[in-house]
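The lines below spell out each chain.
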Amino acid sequence: TLSQIIPLALQIIGGYISDCLGRLRSIAMGSIAGVISYIGLILAPTWQWVLVGEGFNAVTRSLVGPSFGAFIAESTDEENRAQVFGYTETIYSVVAIVGPPLGAFLVQAFSFKIMLICAGLFYLGATIIRIYMARNIAKTHDSAPQKLSFSSLKINLITMATMFVAGGVLTWILITDGARDIAYSMSFNFASLFLQDIGGLNLVQIGYLSSIWGIAAMLTNIPAGKLADRKGERVAIVLGFCLEFLALVVFIVGSSFWAYALSHVLLGIGSGMLGPAYESLMSKVIPQKIRGTAFGLLDSSLGLFSLPAPAIGAELWSRFSPRTPLMITAG
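Residues numbered from 1 in each chain as written. Predicted model: local features only at pLDDT ≥ 70, side-chain atom pairs only at ≥ 80, totals over all residues. Heavy atoms only, no water.

Draft legend 1. Focus on the overall build of the chain. Looking only at helices and strands, the chain has 16 helices and zero strands in total. Taking 2.2 N^0.38 as the reference for a compact globule, 331 residues should give roughly 20 Å; the C-alpha atoms of the chain span a radius of gyration of 20 Å, in line with that estimate. When the backbone C-alpha atoms are referred to their principal axes, the chain occupies close to 55 × 45 × 35 Å. With 331 residues in all, the chain has 46% of them scored as buried. For the chain, the share of sequence-separated contacts (at least 6 apart) that also reach a separation of at least 24 residues comes to 83%. When the accessible surface of the chain is summed, it comes to about 16500 Å², and 70% of that surface belongs to carbon and sulfur atoms. Across the chain, the centroid of the 20 positively charged side chains sits 5 Å from that of the 17 negatively charged ones. (Helix = DSSP H or I, 4+ residues; strand = E, 2+ residues; numbered from the N terminus. Rg over C-alpha atoms; globule rule 2.2 N^0.38 Å. Buried < 20%, exposed > 50% of the residue type's maximum accessible area, 1.4 Å probe, protein only. Contact = heavy atoms within 4.5 Å. Areas by Shrake-Rupley, 256 points an atom, 1.4 Å probe, with all protein chains shown as cover. Lys, Arg positive; Asp, Glu negative; His and termini not counted. Charge placed at Lys NZ, Arg CZ, Asp CG, Glu CD.)

Structure representation (structure tokens):
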């Protein structure tokens, strides 16, 4: 919960910086903060210092997150935008497939610190590539940097707040994605603990489940993007929610590795359906000049709503049963 407070104040500012300075420049700046975050996590002697490292990680997410979707939106046409989001999500999903079992192996064979060092080296490589992109490609894809000022930030926020409460598409994105975010935060922070203590799985098996989810999401992203472009984003979003509900039902009643594997397949397909559709829909209804601020404001709003959810989930787990927060999430 504490680590989620920091991004709330930074997401909007990160999106605004992206609108003013350019998408690739913002991504490069955020990546540098990410390298500092890894150094902090690796060297942290206590959990309080881990929280400081998470603070730098929040800076990373705040600068990179809003810029990524806005950059893709500005590099594509509306008629095939969801497909492009599907392709990029598919490529990105390789991380979810390779990372968890590799991380679990490093932890079991060596230690958590060795795993963090390896992850930090991977991220350092990514940061070098992003800085190179910002220096050599930003002039081609990004507009000239604009001056940062409180007055322009205020104008962007007022514009976005008006769109969010106007009762249109953005209002319903906020409601539906907000409900999903609250529900997920209530349960999925404890998913690994549930699988280990209640399901009886070991760390390697839990890593395999994450990979299964990643494979299912990866295989779904491109078809889901095509479906959203042809039939409309709403169709893909409804299918995604239905599949995630079924996944949670299987997860709750399951008691074996294969049952949990099936639930992760359904969950991955559902997530793969939702991602490209939501990204495409948002990019179509938000003006280009404030897309970064909009993505940041939406993430901050969702984070604010879901902020108490992990603590509530923990209380439900302790007072009733480990399955109680999962049942509420499914509902």
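Draft legend 2. Summary view of the environment of L10. When you line up the elements, L10 lands in helix 1 (residues 2-21). Assessed through its relative accessible area of 25%, L10 is described here as partly exposed. Distance from L10 to G232, taken between C-alpha atoms, is 32 Å for residues 222 residues apart in sequence. Excluding anything up to four places from it in sequence, L10 contacts A58, V59 and S62.

Draft legend 3. Region of interest: the packing of helix 11 (residues 203-231) against helix 13 (residues 257-285). With their axes 6 Å apart at the nearest point, helix 11 and helix 13 run at an angle of 40 degrees to one another. Where helix 11 crosses over helix 13, the handedness of that crossing is right-handed. Taken together, the residues of the contact of helix 11 with helix 13 sort by class into 18 nonpolar, nine polar and two charged. (Axes fitted to C-alpha atoms, helices over the stretch in contact; angles between N-to-C directions. Left-handed = near helix turned anticlockwise from the far one by under 90°. Nonpolar A, V, L, I, M, F, W, Y, C, P; charged D, E, K, R; others polar.)

Draft legend 4. Looking closely at the packing of aromatic side chains. On inspection of all chains with the given rule, the structure shows seven aromatic pairs. Centroid distance Y38 to Y123: 5.7 Å. Interplanar angle 40 degrees. Geometry classified as tilted. Here Y38 is found in helix 2 (residues 23-43), whereas its partner Y123 is found in helix 6 (residues 112-136), with 85 residues between them in sequence. Y123 sits in the buried class, given a relative accessible area of 18%. Seen from their ring centres, F251 and Y260 are 5.2 Å apart, and the 50 degrees between their planes marks the pair as tilted. Each member of the pair F251 and Y260 is classed as buried. Linked through ring pairs, F190, F194, F251, Y260 and W317 together constitute an aromatic cluster. If you follow R180 out to its NZ or CZ, it ends over the ring of Y184, 5.0 Å from the centre. (Phe/Tyr/Trp six-rings, centres within 6.5 Å; stacked < 30°, edge-to-face > 60°. Lys NZ or Arg CZ within 6 Å of the ring centre and 35° of its normal.)

Draft legend 5. Representation of helix 11 in the model. Taking 1.5 Å per residue, 29 residues should reach 42 Å; helix 11 reaches 40 Å between its end C-alpha atoms and fits that length. Considering bend angle alone, the principal kink of helix 11 is centred on N221 and spans about 35 degrees; proline P223 follows within four residues of it. Taken from the residues just after helix 11, G232 is the one with a positive phi, measuring 105 degrees. (Expected span 1.5 Å × (residues − 1). Bend = angle between axes of the 7 residues up to and from the residue.)

Draft legend 6. Representation of the pattern of salt bridges within the structure. Under the criterion given, the structure shown has four salt bridges. A salt bridge links R180 to D177, with the nearest nitrogen and oxygen atoms 3.8 Å apart. Of this pair, R180 and D177 both sit in helix 9 (residues 169-187), separated by three residues, roughly a single helical turn. For D177, a relative accessible area of 15% corresponds to the buried category. Here E233 ties to K284 by a salt bridge, and the two come within 2.8 Å at their closest N and O atoms. Of this pair, E233 sits in helix 12 (residues 233-253) while K284 sits in helix 13; the two residues are 51 residues apart in sequence, bridging distant segments of the chain. (Salt bridge = Lys/Arg side-chain N within 4 Å of Asp/Glu carboxyl O.)

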